[in-house]
Amino acid sequence: MDSIKKVRCQVCEKAFVLDVQQQKFVAPLVAKGQGFIMVECPRCGSSTQYVKAQETAEVSRHVASYRCPITQCAGWVDSINEQTLPFWGCGECGSVWYEEKNLQKDIADVVILHPYRARSYKQLNGSWVPGDLKSEPANYEELVEKEPPDPLDELVRG
Ligand SMILES: [Zn+2]
Ligand SMILES: [Zn+2]
């Protein structure tokens, strides 16, 4: 299901991450095997054909993806390597980070706020990197759900 989140707009050719509503729309169609699905590109507003991310994206996901550091969100942040404008995006809550240092800051903040979240990451050369899934609490998603809402609910995190 996670592999369905990344889309490349056929009009402006920018990659984007499906928001929660779009995922709710796309997921059942993908499950049914529908090959042609239109979604709106948040960058340029055009309708573009949803094309399932290549299989390799799924394989590498757990290597490259961060747990989303937004409170109440148990989603994944993927690095979207656009040559012109790389960014990180969470398909679950729709948050985006245009600079890695801001993603790092949100991770640093959330692990202080909710210490069990530190188990989703590792420290490497002074930076947070994705940790071992097995070290997360078994009820991770339940714990995240119970978190108080983030007072800062901006989708663009900087
Ligand atoms: Zn577009
Ligand atoms: Zn999120």
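Please refer to the structure placed before this passage.
Residues numbered from 1 in each chain as written. Chains lettered and ligands numbered in written order. Predicted model: local features only at pLDDT ≥ 70, side-chain atom pairs only at ≥ 80, totals over all residues. Heavy atoms only, no water.

J.: Tell me what's going on with the overall build of the chain, and back it up with residues and numbers.
T.: Assigned secondary structure in the chain consists of four helices and ten strands. Buried positions account for 42% of the 158 residues belonging to the chain. The contacts of the chain with a sequence gap of at least 6 include a subset with a gap of at least 24, amounting to 52%. Accessible surface computed for the chain: about 9,000 Å², of which carbon and sulfur atoms make up 55%. (Helix = DSSP H or I, 4+ residues; strand = E, 2+ residues; numbered from the N terminus. Buried < 20%, exposed > 50% of the residue type's maximum accessible area, 1.4 Å probe, protein only. Contact = heavy atoms within 4.5 Å. Areas by Shrake-Rupley, 256 points an atom, 1.4 Å probe, with all protein chains shown as cover.)

J.: Run through unusual backbone geometry, naming residues and quoting values.
T.: Its identity is not glycine, yet Glu13 carries a phi of approximately 65°, on the positive side. Assignment of secondary structure puts Glu13 in the loop between β1 (6-8) and β2 (15-17). Unusually for a residue other than glycine, Asn125 sits at a positive phi of about 50°. Structurally, Asn125 is set in the loop between β9 (121-124) and β10 (127-130).

J.: How would you explain the coordination of the zinc ion (ligand 1) if you had to name every residue and give the values?
T.: For the zinc ion (ligand 1), the protein coordination sphere consists of Cys9 (SG), Cys12 (SG), Cys41 (SG) and Cys44 (SG), at 2.2 to 2.4 Å. With four donor atoms in place around the zinc ion (ligand 1) and angles of 104 to 116° between them, the coordination shape is tetrahedral. In the primary sequence, the donor residues of the zinc ion (ligand 1) line up as C-x2-C-x28-C-x2-C. Placement of Cys9 in the loop between β1 and β2 and of Cys44 in the loop between β3 (37-40) and β4 (47-50) is noted, with a sequence separation of 35 residues between them. With a relative accessible area of 1%, Cys9 lands in the buried category. (Donors = N, O, S within 2.8 Å, 3.2 Å for Na, K, Ca; no water. Tetrahedral: all angles 85-135°; square planar, octahedral: opposite > 155°, others 65-115°.)

J.: Explain the side chain of Thr71 residue by residue, including any values.
T.: Mapped onto the fold, Thr71 is located in the loop between β5 (66-67) and β6 (76-80). If near-sequence neighbours (up to four positions away) are discounted, Thr71 is found in contact with Val110, Leu113, His114, Arg117, Glu147, Pro148, Pro149 and Asp150.

J.: Before we move on, can you summarise the pattern of salt bridges with the specific residues and values?
T.: For the structure on display, the rule yields six salt bridges. Of the charged contacts, one joins Glu99 and Lys101 as a salt bridge, the two residues approaching to 3.2 Å between their closest N and O atoms. Lys101 sits in the exposed class, given a relative accessible area of 53%. (Salt bridge = Lys/Arg side-chain N within 4 Å of Asp/Glu carboxyl O.)

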